[in-house]
Amino acid sequence: MALDKPYADIPGTVIFDAEQARRGYHLNMFCMSLMQPENRRRFLAGERAYLDAWPMTEAQKQAVLDRDYNRMIALGGNVYFLARIFATDGQSFQHAAALMTGMTEADYVKMMLSGGRSPEGNLYCTEPDRG
Amino acid sequence: MARISAGITTSHVPAIGAAVDLGKTAQPYWAPLFAGYEFSKRWIAGHTPDVILLVYNDHATAFSLDIVPTFAIGCAERFQPADEGWGRRPVPVVEGHPELAAHIAQSVIQQDFDLTVIHRMDVDHGLTVPLSLLFGQPAAWPCRVIPLAVNVVLYPPPSGRRCYELGHALRRAIESFDEDLDVQVWGTGGMSHQLQGPRAGLINQPFDRAFLDRLIREPAALAQMPHIDYVRLAGSEGIELVMWLIMRGALHERVREVHRFYHVPASNTAVGHLILDNTE
């Protein structure tokens, strides 16, 4: 019997479950390597060559080169691992979050200062069956 | 005998740590947040425990995807602040309490909770930011700290009910330790936040406020809340709040609320903070 995954019905959200973790194992382990200062330096000096040392898919490597975090997450990345990439770029969680929403960082900060993204209309991909 | 004198909850946003480390706490963006901890700093100066059992989650720092323990207890003499990619935080080394930690591990495992025992690990912002919020920037942390790491990164985390029941087991473990120690249990993380995808930035103030109320007054009922409610209503990272139920389960059924603070935002996150007195 397939596992119940009710979280598939949350809009704009990928839950990092065992299936995603399997898909993203090498991508996430590449990210872990950036916890070493020497590796951060080597990565920034030649991103493509550094990525080629990891058994990641071409799509995963391209998403890293593009800093396309939504794509990395779709391909099995998890934001706490991906944080090593934007940390290496000298960026914050707020910068990365803004990128993923498609907003400018200034607009995103403004949204957060006025209370954040409202739950209203953001809880279900499909309206819950009220019948 | 050891006793649990108080429970504390607080969010552990990394940007809060950066604000402390970079001297930005008085800036207009951060001042209202740190004002909410002024009372707490005074309070804890008069109620500094011997040991804090600090429940937090590792953020892909000590635990990669190679091994993901659901519950792990730090039994080492000391724990270094981790380099999470921005360099190590300039905070003191965390001194552990190996004797009490080993006692807790043995007692809790014999109560059917399978803790992973850790003798070497670095601790990330999940553990050090709460210490900075309560103690500021001392040359050394004023007490020992036992890290209790909970997996909330790889879904599914433990259920709220299991976390609450782990709290009960921790209380029995601590209260059966022979040395006369004042112990606080801290639960960290949360409140509502989502750091990923087009829905990033989700904040749910009614959810958070109800969670604070129910954690104090009806924790057993709150512990029944399923995972889907956390991730849907409080954001994919809001599920960290299950860790607060471990703290609550370690306290008496009735506790006295000493302090409450709630603030939006710290970076992407709603910040919640409670001090609960457990001595009455």
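One structure accompanies this document, and this report is about it.

About the criteria used
Residues numbered from 1 in each chain as written. Chains lettered and ligands numbered in written order. Predicted model: local features only at pLDDT ≥ 70, side-chain atom pairs only at ≥ 80, totals over all residues. Heavy atoms only, no water. Axes fitted to C-alpha atoms, helices over the stretch in contact; angles between N-to-C directions. Helix = DSSP H or I, 4+ residues; strand = E, 2+ residues; numbered from the N terminus. Parallel < 35°, antiparallel > 145°, perpendicular 65-115°, else oblique. Left-handed = near helix turned anticlockwise from the far one by under 90°. Contact = heavy atoms within 4.5 Å. Nonpolar A, V, L, I, M, F, W, Y, C, P; charged D, E, K, R; others polar. Salt bridge = Lys/Arg side-chain N within 4 Å of Asp/Glu carboxyl O. Buried < 20%, exposed > 50% of the residue type's maximum accessible area, 1.4 Å probe, protein only.

Residues and elements named next belong to chain B. One way to put it is that helix H4 (residues 98-109) packs onto helix H6 (residues 160-175) with a least axis distance of 9 Å and a crossing angle of 125°. Relative to H6, H4 is oriented oblique. As for how H4 packs across H6, the hand of that crossing is right-handed. Residues His 103, Ile 104, Ser 107 and Val 108 of H4 pack against Leu 166, Ala 169, Leu 170, Ala 173 and Ile 174 of H6. Across the contact of H4 with H6, the residue classes tally to seven nonpolar, two polar and no charged.

Let us now look at the pattern of salt bridges. In the structure shown here, the tally under the stated rule is 21 salt bridges over all chains. Two residues, Asp83(B) and Arg40(A), come together in a salt bridge whose shortest N-O distance is 3.0 Å. Of this pair, Asp83(B) sits in the loop between strand S4 (78-79) and strand S5 (94-95) while Arg40(A) sits in helix H3 (residues 37-45), on two different chains. Overall, the relative accessible area of 10% leaves Asp83(B) in the buried class. Close ionic contact of Glu95(B) with Arg78(B) constitutes a salt bridge, the shortest N to O distance being 3.6 Å. Here Glu95(B) is found in strand S5, whereas its partner Arg78(B) is found in strand S4, with 17 residues between them in sequence. Residue classification places Arg78(B) among the partly exposed residues on the basis of a relative accessible area of 45%. Within this structure, Lys5(A), Asp17(A), Glu19(A) and Arg23(A) form a network of salt bridges that share partners.

As far as function goes, none of this settles anything; it's purely spatial.
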